[in-house]
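Breakdown of the fold
Okay, here's what each chain looks like letter by letter:
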Amino acid sequence: MESFREQIKLHDLEDEVSLSFSGCHGLCSIGPVVVIYPEDIFYCQVEPEDVPEIVEKTLIRGKLVDRLLFKDPITDEAIPHYHQIPFYMNQTRILLRNCGLINPERIEEYIAREGYQGLAKALYKMSPQHVIEEVKSSNLRGRGGGGFPTGVKWDLTRKNPAEPKYVICNADEGDPGAFMDRSLIEGDPHALIEGMLIAGYAIGAQKGFIYCRAEYPLAIQRLKIAIDQAKEYGLLGEGILGSNFNFDIEIKEGAGAFVCGEETALIASIEGRRGEPRPRPPFPAEKGLWGKPTNINNVKSYAFVPQIILNGHEWFSSIGTEKSKGTAVFALTGKVKNTGLLEIPMGTTIGEIIFDVGEGVAKDRQFKAVQTGGPLGGCLPSDALNLPVDFDSLTASGALMGSGGMIVVDETTCMVELARFFLQFAVAESCGQCTPCRVGGNKMLEILMRITKGQGKMEDLDMLEEIAKFMKKASLCALGQGAPNPVLSTLRYFRDEYERHILDLRCPAGACTTLAPSPCQSACPAEVKIPIYVSLISEGRYDEALDIHRASNPFPSVCGRVCPSFCEDKCRRGEVDEPVAIRDLKRFMADRESEEWFPKVYEPDKGKSVGIVGGGPGGLTAALRLAQLGYEVFIYEESSELGGMMRWGIPDYRLPKDVLRKEINSILNVGKIDVKLNTKVSRDITIEDLLKTHDALLLAIGAQGSRDLGIPGYELSGVESGVSLLRKLNMGDDLSFVKGKRVVVVGGGNVAMDAARSLLRLGAKEVHLVYRRERKDMPALVEEVEAAEEEGIHFDLSTRRWRRRRISAEEERVIFHYLTSPVKVLGENGRVTGLLCQKLKLHDESGKSQFDSSARKVSFPVKGSEFVLDADVIVAAIGQKVEQLSLEDLGIKQHRNGTILVDERSLMTSREGVFAVGDVVLGPASIVEAVGQGNKAARAIDRFLRGLSLPEPPSFIERPEPQKYEISEEEAERPRAKTSILSPETRVYDFREVNLGFPNEAVARSEARRCLRCDLEER
């Protein structure tokens, strides 16, 4: 403010520019903000040093300061105007209409926005009973969390003959992450005062109290200013607006006890007693403050009333759902791109709030759950994204509306730990008066603590539910009754996470530090000791680093090129700036190997053999581990080479064949592995034959089939599957027929991207890629999509522009069509001539978004949007599948999609002695996931052949001893290192490897030193 005053004075603009401050605009993640009217220009994250440029460029010359404009978190597009920002466009502001617009310390600005007109109408045109009936007809329900009809509560208080009566505002907002009431008071305090005045007139009260915690000094300051101004204008005190209505308001500052949010505890605190709830009835409307009839409502409930009186109950009840009218104000926080205060109509779905207003999960991670209703609310999974936000729907789902807190969490959040966090808060805030809350809450917390530390038992889950249900029934107040909700809801929707903590001693989110030495290691399906080998790389000890890696994953060179890098998604350094380049470091150390690897055999020959069907990553890993344990292993592979989809499904420009062959040969160096190529089960040998030949059998069959498009014309000549195309490419088949042809690829995964980029290299005239969702929803690796863009691919996003162009339009040979669905394959004389497509939209006919179980928006056809893509070849790459095997007759149960049913902890099938791993269990999966299962299956087979029980007893992930570890200031500030990449101009015409790795040793070792060594922390 001072900087603006100085600059306005410096440029003699005092007569032209009015400078003022306001309350919160709502979009908390981008403050401080400056809005310039009447142009509606919105600047964010403004610092004092930015002010001269704003004054000189915008106020004087009418130009925009581009760097201060809001950047859309999805498109990275600059949005200059306040009301064009999606966060505000998707709201309906009634309570927040003045927040961010008026100066909250000037009553004149509130009056200019229809302020106190509702009070005047009530005093001069309505009787007290008429006011109550208007509020009742509006169906306004209390916004403090309970949802009790406001008008009914007022009526009960008015009809009580006892005098005097009191009006109390509960502004004791103590939920973690909640700031709705505070922001409303700070931004529009007169709305609360006017609502309390109308309530006082309606019920016959002359005295009101605002109970606000002392932790909100700015809110209290602005309330005091507003009360003084209202008195000065004759709006508080005696003879209000010349009527015979008298009313005064007093502020009571609370000490911050959460339990004082309960109405009877709040009353006790105002009376000067300890804030403890008392049994009800009698309710405050019967016997409240000092034993007199008292009406208690939340800040938002009172603030709605002036607008209801002014505009009529029909206006208010036209918004929302049948049983929940009006709007709801939420504090949207947690792992979401747009955090802040928002107001939406009741009935808006959870998904619309998070993905339309909040614009999705931060860092584009996977949505996991949302906690609604504060610490006493519940956690809802992605299946609840289509749930309408209203009192009854949320309660039925195990959550609460509460006072309006909404916390979004992603896959890095442990639901057991989250439940523990909220329960710990409730236990700490309990007044301790009633036994169910005092003892039950502590007992539940003790159990949760044990589970997060790997000391839980399965019986604990039943005990948690039993205690929780008793607490809900027997506790005295809402705190004790609601405290178990986070536990009950997470048990209901995320029970598998509790079981993994207990049965596997693993925290899937990598958050419980006793169970997860580091988030990266926990995220790796093979549980590679990532921090240790990265640290060894930083010291130049590459062979030792490789030994660490190969102890868990024998494919460092392969995974250093094509791994999806689950570890980097969870890397804690990524919370600071960018994750450590773990995959590139892995590739670097493999490329620096000093001599050929000969795996060690750890145990003597056991005189038993294991048959493995399939020579992909899962089968090869299991073979290696079993050989190291002393077993003879026989691999039966139907192809002419080992490697599975690593060999036949990935082009050379991503994974050169010599790199893969070297890694496979290193595994075979262990000895004791007999490979039988060109041997297909059911054609050359049967499962029964293998069971007779070997002591145990492992099925490690990959997903080498393709899902068909399922549309008319799919049978025409010229339709090819993506997997088949890549297989032909990797087998060296003649694919010259695509040269100069028009090709359409349907799909958005890695197979689709590999097919499109390979076709480009094979000389296709143009390639169109059709995908039914948005670009951000593509399952393909981000770097593969970006590499395709560099190679001359233009993105037609339908709804949004992509962020950059690398080549001219004449050079574009591949065009991406997002939000597009194939309808029919067109053809003549039995051959493909084109693909009939239809545009899609991400909302239904009513304009509402819907979400699937993966938290992605459902697409809907756009009527009349059909168009034809001319094509000579169509490649279907919409997903892989496991080829159907007839195993039921052998006692091996399968799912309907052909995958094999296994015990998830031992990987044994329904037939004793037969195990399964990889795609045949998981469906299409990554190399590292198959490796992880291969390790697990080998241990299970070893136990089975030694006559030990299955599954193996769980064990903690091994971790180093805690020690002091310091990262230098230089390393703390160093950005993520980049690898050398072949330029698009040179790589697009052949299949040379594109990513060349780090340019030199110094770069790699410096990047390794960016690691924070989370595994060394004290636990």
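Residues numbered from 1 in each chain as written. Predicted model: local features only at pLDDT ≥ 70, side-chain atom pairs only at ≥ 80, totals over all residues. Heavy atoms only, no water.

Going by an unreviewed UniProt entry, the protein carries the name Pyridine nucleotide-disulfide oxidoreductase and comes from Acetomicrobium hydrogeniformans ATCC BAA-1850. Recorded in UniProt under Sequence similarities (unreviewed entry), the annotation for the protein is "Belongs to the complex I 51 kDa subunit family." (UniProt positions renumbered as here; feature names shortened; annotations may be inferred.)

**Overview of the overall build of the protein**
Across its full length, the protein holds 39 helices and 32 strands. Radius of gyration (C-alpha) of the protein: 33 Å, near the 31 Å computed for a compact globule of 1019 residues. Considered along the principal axes of its C-alpha atoms, the protein spans approximately 100 × 70 × 60 Å. Out of the 1019 residues belonging to the protein, those deemed buried represent 58%. Expressed as a percentage of contacts within the protein between residues at least 6 apart in sequence, the contacts between residues at least 24 apart total 69%. Summed over its atoms, the accessible surface of the protein is roughly 41000 Å², and 49% of this surface lies on carbon and sulfur atoms. (Helix = DSSP H or I, 4+ residues; strand = E, 2+ residues; numbered from the N terminus. Rg over C-alpha atoms; globule rule 2.2 N^0.38 Å. Buried < 20%, exposed > 50% of the residue type's maximum accessible area, 1.4 Å probe, protein only. Contact = heavy atoms within 4.5 Å. Areas by Shrake-Rupley, 256 points an atom, 1.4 Å probe, with all protein chains shown as cover.)

**As for a negative patch on the surface**
There is a patch of like negative charges on the surface, built from Asp12, Glu14, Asp15 and Glu16. Along the chain, Asp12 falls in the loop between helix H1 (2–10) and strand E1 (33–36). (Patch = residues over 30% accessible without salt bridge, like charges linked within 9 Å, V, L, I, M, F, W, Y side chains within 5 Å. Salt bridge = Lys/Arg side-chain N within 4 Å of Asp/Glu carboxyl O. Lys, Arg positive; Asp, Glu negative; His and termini not counted. Charge placed at Lys NZ, Arg CZ, Asp CG, Glu CD.)

**Observations regarding the sheet that holds strand E8 (residues 294–298)**
Strand-to-strand pairing in sheets goes through backbone hydrogen bonds, with the strands running parallel or antiparallel. What the four strands build is an open sheet, ordered E7-E6-E5-E8; its pairing is parallel. If you trace the sheet from one side to the other, it starts and ends with strand E7 (248–254) and E8, each paired once. Averaged over all pairs of adjacent strands, the angle between strand axes in this sheet comes to 20 degrees, irrespective of strand direction. Sheet topology note: the strand E6 (residues 207–213)/E7 ladder contains seven bridges and is parallel. (Pairing = 2+ DSSP bridges. Axes fitted to C-alpha atoms, helices over the stretch in contact; angles between N-to-C directions.)

**Here's the deal with unusual backbone geometry**
Following Tyr37, the chain continues into Pro38 via a peptide bond in cis, with omega recorded as 5 degrees. The backbone of Leu241 shows a phi angle near 55 degrees, a positive value even though the residue is not glycine. Structurally, Leu241 is set in the loop between helix H10 (217–232) and E7.

**Considerations on helix H6 (residues 128–138)**
Structurally, the α-helix is built with 3.6 residues per turn, so residues lying three or four positions apart point the same way. Of all the positions in H6, only Pro128, Val131, Ile132, Glu134, Val135 and Ser138 are classed as buried. All buried residues of H6 project into a common sector of 160 degrees when viewed along the axis, lining one side. Once H6 ends, the next one or two residues include Asn139, with phi positive near 60 degrees. (Arc of directions from axis to C-beta.)

**Concerning the nonpolar core**
Core analysis: the largest hydrophobic core is formed by 89 residues, its most contacted members being Ile530, Tyr533, Ile537, Ile612 and Leu699. For this core, the element with the most residues is helix H36 (residues 927–945), which contributes eight residues. Structurally, this core is a two-domain feature, drawing no fewer than three residues from each of domain 4 (517–595 + 965–972 + 980–988 + 997–1018) and domain 5 (609–703 + 882–946). Beyond its immediate sequence surroundings of up to four residues, Ile612 is in contact with Gly619, Ala622, Ala623, Leu626, Val633, Phe634, Ile635, Tyr636, Leu697, Leu698 and Ala700. Membership of the second largest hydrophobic core comes to 64 residues, among which are Tyr201, Ile203, Ile210 and Tyr302. (Core = buried A, V, L, I, M, F, W, Y, C linked by side-chain atoms within 4.5 Å. Domains from an automatic or database assignment.)

**Points about the sheet that holds strand E12 (residues 378–381)**
The strand order E10-E9-E13-E11-E12 describes an open sheet built from five strands, whose pairing is mixed. Each edge of the open sheet is held by one strand with a lone partner, namely strand E10 (340–345) and E12. The sheet shows a mean angle of 30 degrees between the axes of neighbouring strands, direction not considered. Examined bridge by bridge, strand E9 (residues 327–334) and strand E13 (residues 405–410) share four bridges and lie parallel to one another. Paired with Thr333 across the bridge in E13 is Ile407. Across the sheet, helix H20 (residues 485–493) lies against strand E11 (367–372) and E12, angled at about 20 degrees from E12, the strand it touches most.

**Some thoughts on the pairing of strand E2 (residues 41–44)**
Going residue by residue along E2, you find Ile41 and Tyr43 tucked away on one face and Phe42 and Cys44 tucked away on the opposite face as well. Here E1 runs beside E2; their pairing, made up of four bridges, is antiparallel. From the neighbouring strand, Val34 faces E2, where its bridge partner is Tyr43. Connecting E1 to the next strand, E2, in antiparallel fashion are four residues, including Asp40 with a positive phi near 70 degrees.

**Looking at the side chain of Ser382**
On the secondary structure map, Ser382 appears in the loop between E12 and helix H15 (391–396). When its relative accessible area of 14% is taken as the criterion, Ser382 is described as buried. Apart from residues no more than four positions distant in its own chain, Ser382 is found in contact with Phe367, Lys368, Asp852, Ser853 and Ala855.

**What about the environment of Tyr233?**
Here Tyr233 is to be found in the loop between H10 and E7. On the basis of relative accessible area, Tyr233 is assigned to the partly exposed category, the value being 39%. Along the chain, Tyr233 and Arg182 lie 51 residues apart, while their C-alpha atoms are 25 Å from each other. Among all residues touching Tyr233, those that are not within four sequence positions of it are Ile107, Glu108 and Ile111.

**Some words on the pairing of strand E14 (residues 609–613)**
When you tally the buried positions in E14, you get five out of five residues, the bulk of the element. On E14, burial covers both faces: Ser609, Gly611 and Val613 on one face and Val610 and Ile612 on the other are all buried. Two strands pair when backbone bridges link them, and E14 and strand E15 (residues 632–636) are joined in this way by five bridges, in the parallel orientation. If you follow Ser609 over to E15, its bridge partner there is Glu632. Read as a crossover between parallel neighbours, the route from E14 over helix H28 (residues 617–628) to E15 is right-handed. Relative to strand E17 (residues 696–699), E14 runs parallel, the two being bridged by four bridges. Bridge pairing in E17 places Ile612 opposite Leu698. (Right-handed = clockwise from strand over helix to strand, strands pointing away.)

**Observations concerning the packing of helix H7 (residues 150–159) against helix H9 (residues 189–203)**
Two quantities define a packed helix pair, namely the angle between the axes and the distance from one axis to the other. Put simply, H7 and H9 touch, their axes get as near as 8 Å, and they point 45 degrees apart. It follows that H7 is oblique to H9 by the angle criterion. In this structure, H7 uses Trp154, Thr157 and Arg158 to contact H9, whose residues at the interface are Ile198, Ala199, Tyr201, Ala202 and Ile203. (Parallel < 35°, antiparallel > 145°, perpendicular 65-115°, else oblique.)

**Some words on the confidence of the model for the protein**
Low-pLDDT stretches of the model should not have their predicted coordinates read in fine detail. Looking at the protein, the pLDDT average stands at 93 and 97% of residues meet or exceed 70. Below a pLDDT of 50 lies the segment residues 794–811, which in the model reaches 42 contacts outside its immediate sequence neighbourhood of four places, other chains included. (pLDDT = per-residue confidence, 0-100.)

**Some points on the environment of Leu948**
Checked against the element boundaries, Leu948 lands in the loop between H36 and helix H37 (969–973). Expressed as a C-alpha distance, the spacing of Leu948 and Ser138, which sit 810 residues apart in the sequence, is 69 Å.

**Section: the packing of aromatic side chains**
Enumeration according to the criterion identifies 22 aromatic pairs in this entry. The structure contains a cluster of three or more aromatic residues connected by ring pairs, namely Phe42, Tyr82, Phe87 and Tyr88. Here the basic side chain of Arg182 rests over the ring of Tyr216, its NZ or CZ set 5.6 Å away from the ring centre. If you follow Arg761 out to its NZ or CZ, it ends over the ring of Tyr653, 4.2 Å from the centre. (Phe/Tyr/Trp six-rings, centres within 6.5 Å; stacked < 30°, edge-to-face > 60°. Lys NZ or Arg CZ within 6 Å of the ring centre and 35° of its normal.)

**As for the pattern of salt bridges**
Following the criterion strictly, the structure yields 82 salt bridges and no others. Salt-bridge contacts for Glu186 lead to Arg182; the nearest nitrogen and oxygen are separated by 3.5 Å. On the criterion of helical spacing, the pair formed by Glu186 and Arg182 is a turn pair, its members being four residues apart in helix H8 (residues 180–187). Here Arg182 falls in the partly exposed class, since its relative accessible area comes to 25%. For Lys207, the salt bridge identified is with Glu250, shortest N-O distance 3.2 Å. Of this pair, Lys207 sits in strand E6 while Glu250 is found in strand E7, placing the two residues 43 residues apart along the sequence. The exposure class of Glu250 is partly exposed, given its relative accessible area of 38%. Salt bridges sharing common partners tie together Arg654, Asp754, Arg757, Arg761, Glu784, Glu790, Glu791 and Arg987.

**Focus: the domain arrangement of the protein**
On domain assignment, one finds that the protein holds domain 1 (1–85), domain 2 (107–318), domain 3 (327–515), domain 4 (517–595 + 965–972 + 980–988 + 997–1018), domain 5 (609–703 + 882–946) and domain 6 (706–795 + 811–879). Once you take the C-alpha centre of each, domain 3 and domain 6 turn out to be 40 Å apart. Counting the surface lost from both domain 3 and domain 6, the interface buries some 850 Å², and carbon and sulfur atoms represent 45% of this. By the criterion of area lost to domain 6, the three top residues of domain 3 are Glu352, Phe355 and Asn386, representing 43% of everything that side buries. (Buried area = accessible area lost by both parts, 1.4 Å probe.)

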